[in-house]
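Summary of structural features
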Amino acid sequence: MAEAFIVGAVRTPVGTKKGALAGVHPADLGAHVLKEVVERTGVDPAAVEDVVMGCVSQVGPQALDLARTAWLSAGLPETTAGVTIDRQCGSSQQAVHFAAQGVMSGTQDLVVASGVENMGMVPMGSNVQFAIDNGLELYGAGWTDRYGTQEVSQFRGAQLMCEKWGYKRAELERYALESHQRAAAAQQAGHFDAELAPLAGVAQDEGVRPDTTPEKMAGLAPLREGWELTAAVASQISVGASAVLIASEQAVKEHGLTPLARIVQLSLVGDDPVYMLTAPIPATRIALKKAGLGIGDIDVTEINEAFAPVPLAWIEEIGADPAKTNPNGGAIALGHPLGATGAVLMTKLVHELKRTGGRYGLQTMCEGGGQANVTIIERV
């Protein structure tokens, strides 16, 4: 099988839902990172065969194949195609998988994996609300027969995880506080500088709260009476875009590209859709086994902090080193622009391996419907 290499990875700062990026059209967000990844790698954009873009709420300005419109909005060649995909929160991690698989199959040589979500302009659940407003059922009869009429949501899934693993609010808040502290320290040290493409006057991730305290977190109301969860232990509603250029060995030679990492393993697993957020655990076990690696071989892990119990349970079940897990903070501090987050995490992972000299990196995230992608890469 042919090898696939990551030769470029860039992201916008992650903005807050009312911040400076909230007014930027999603196509322009995407155009910004697509143009940046082309310019930074020096690749001939006409040689790029496809743009695979993750986006979850594909309505309004995020409809009509955002990948294609973002590429054209960037002024890049009309000959490059684009496709927009939805694997919920893992959409642009799946974009990385599809791009890498195209290269590894030998049918493509240069593909951009990307993601965009403007949750300030297109609120989370806008596509679901369309169905509700038009009297459409969200689930078919087969779903109801299998799972009944119980509530199925990421929020309930996170609370169910707290109950299963015995996590109390104080432990969740300690984890969330450390996420902010790590992110603030990384910002101050300039760890993100090489991966960021400033936009609209925003040069740093907007959601980091270096001044947050346990007392401030303790003052927040739970998301629901009797629950352990508060807004402080959940990912932030955000705006952002990201792009990762994936190349074959032939394309690396032909275009004079510099590989940053080699794709080692691409895995995907489904798990309980009611718990919804637990799939990174079995998916990681499968990916490590297929790669012939142990968790001790992994130097850096990026796992999406949809809610604090997700990484906490993953660390506990996998036996991972907390110090190597989200070392520069996660979505609780840095934000979670849904369809963009997968490629944001991959961009962070690639650059952190380069900065620290680590060998293997692992990325995973929970996804709607009870799914998870796992990507293992090796620094080149």
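Quick summary incoming for the structure in this document. Values in this document were obtained by computation on a predicted structure and should not be read as measured data. (Residues numbered from 1 in each chain as written. Predicted model: local features only at pLDDT ≥ 70, side-chain atom pairs only at ≥ 80, totals over all residues. Heavy atoms only, no water.)

1. As for the overall build of the chain
- Of regular secondary structure, the chain possesses 13 helices and 10 strands.
- Since a compact globule built from 380 residues should have a radius of gyration of about 21 Å, the 19 Å found for the chain is in line with a globular shape.
- Referenced to the eigenvectors of the C-alpha coordinate spread, the extents of the chain come out at roughly 60 × 50 × 45 Å.
- Expressed as a percentage of its 380 residues, the buried residues of the chain come to 57%.
- Taking the intrachain contacts of the chain between residues at least 6 apart in sequence as the baseline, contacts between residues at least 24 apart amount to 82%.
- Summed over its atoms, the accessible surface of the chain is roughly 14700 Å², and 51% of this surface lies on carbon and sulfur atoms.
- Positive and negative charge centroids in the chain, built from 28 and 42 side chains respectively, lie 4 Å apart. (Helix = DSSP H or I, 4+ residues; strand = E, 2+ residues; numbered from the N terminus. Rg over C-alpha atoms; globule rule 2.2 N^0.38 Å. Buried < 20%, exposed > 50% of the residue type's maximum accessible area, 1.4 Å probe, protein only. Contact = heavy atoms within 4.5 Å. Areas by Shrake-Rupley, 256 points an atom, 1.4 Å probe, with all protein chains shown as cover. Lys, Arg positive; Asp, Glu negative; His and termini not counted. Charge placed at Lys NZ, Arg CZ, Asp CG, Glu CD.)

2. Points about empty space enclosed by the protein
- Per the stated rule, a full pass over the model turns up 1 cavity of 30 Å³ or more.
- The computed volume of the largest cavity comes to approximately 50 Å³.
- Along its surface, the largest cavity is lined by Asn 304, Gly 330, Ala 331, Leu 334, Gly 335, Pro 337, Thr 341, Val 344, Leu 345 and Lys 348.
- Ranked by residue count, the leading element in the lining of the largest cavity is helix H13 (residues 341-356), at 4 residues.
- Across the lining of the largest cavity, the residue classes tally to 5 nonpolar, 4 polar and 1 charged. (1 Å grid on protein atoms, 1.4 Å probe; cavity = no way out; pocket = protein on both sides within 12 Å on 5 of 7 lines; lining within 4 Å. Points joined across faces, edges and corners; volume = space filled by probe spheres on them. Nonpolar A, V, L, I, M, F, W, Y, C, P; charged D, E, K, R; others polar.)

3. Notes on the pairing of strand E4 (residues 81-85)
- When strand E3 (residues 50-54) meets E4, the two strands line up parallel, connected through 5 bridges. Following the sheet pairing, Asp 50 is matched in E4 by Ala 81. (Pairing = 2+ DSSP bridges.)

4. Examining the layout of surface pockets
- By volume, the largest pocket amounts to about 750 Å³.
- Along the wall of the largest pocket there are 26 residues; nearest its centre are Gln 88, Val 128, Tyr 139, Val 152 and Met 276.
- Of the residues that constitute the lining of the largest pocket, the class distribution is 16 nonpolar, 8 polar and 2 charged.
- When its volume is computed, the second largest pocket comes out at roughly 530 Å³.
- Forming the boundary of the second largest pocket are 23 residues, of which Ala 231, Ala 234, Ser 235, Gln 236 and Ile 237 lie nearest the centre.
- Only helix H6 (154-165) and helix H8 (214-218) provide two or more residues apiece to the lining of the second largest pocket.
- When its residues are assigned to classes, the lining of the second largest pocket shows 13 nonpolar, 7 polar and 3 charged.

5. Points about the pattern of salt bridges
- In this structure the tally under the stated criterion is 14 salt bridges.
- Lys 216 is the salt-bridge partner of Asp 211, the closest N and O atoms lying 3.8 Å from each other.
- Residue Lys 216 is classed as partly exposed on the basis of its relative accessible area of 49%.
- For Arg 355, the salt bridge identified is with Glu 352, shortest N-O distance 2.9 Å. (Salt bridge = Lys/Arg side-chain N within 4 Å of Asp/Glu carboxyl O.)

6. Notes on helix H3 (residues 91-104)
- In a regular helix each residue adds 1.5 Å, so 14 residues correspond to 20 Å; H3 covers 20 Å between its end C-alpha atoms and thus fits that length.
- For H3, a buried count of 12 out of 14 residues is recorded, marking the element as mostly surrounded by other parts of the structure.
- Residues of H3 that are buried: Ser 91, Ser 92, Gln 93, Gln 94, Ala 95, Val 96, His 97, Ala 99, Ala 100, Gly 102, Val 103 and Met 104. (Expected span 1.5 Å × (residues − 1).)

7. Regarding the packing of H6 against helix H11 (residues 309-318)
- The N-to-C vectors of H6 and H11 enclose an angle of 40°; their axes lie 9 Å apart at closest approach. Seen along the crossing, H6 lies across H11 with a hand that is left-handed. Contacts from Ala 158, Met 161, Cys 162 and Trp 165 of H6 reach H11 at Pro 309, Val 310, Ala 313, Glu 316 and Glu 317. (Axes fitted to C-alpha atoms, helices over the stretch in contact; angles between N-to-C directions. Left-handed = near helix turned anticlockwise from the far one by under 90°.)

8. Re the packing of aromatic side chains
- Applying the stated criterion across every chain, the model contains 3 aromatic pairs.
- Each ring, one from Phe 155 and one from Phe 307, has its centre 5.8 Å from the other, and the planes form 80°; the classification is edge-to-face. Of the two residues, Phe 155 sits in helix H6 while Phe 307 sits in the loop between strand E8 (298-303) and H11, which places them 152 residues apart along the sequence.
- Overall, Phe 155 belongs to the partly exposed group, its relative accessible area being 35%.
- Put simply, the rings of Tyr 139, Trp 143 and Tyr 147 touch in pairs and so form one group of aromatic residues.
- We note Arg 11 situated over the ring of Phe 192; from NZ or CZ to the ring centre the distance is 5.2 Å.
- For Lys 164, the ring lying beneath its charged end belongs to Tyr 275, and the centroid distance is 5.4 Å. (Phe/Tyr/Trp six-rings, centres within 6.5 Å; stacked < 30°, edge-to-face > 60°. Lys NZ or Arg CZ within 6 Å of the ring centre and 35° of its normal.)

9. A word on the pairing of strand E7 (residues 261-270)
- Direction of pairing for strand E1 (residues 4-11) relative to E7: antiparallel, over a ladder of 2 bridges. Opposite Phe 5, over in E7, you have Arg 262 as the bridge partner.
- One ladder, built from 9 bridges, connects E7 with strand E10 (residues 371-379); its direction is antiparallel. Residue pairing in the sheet places Ile 263 in a bridge with Ile 377 of E10.

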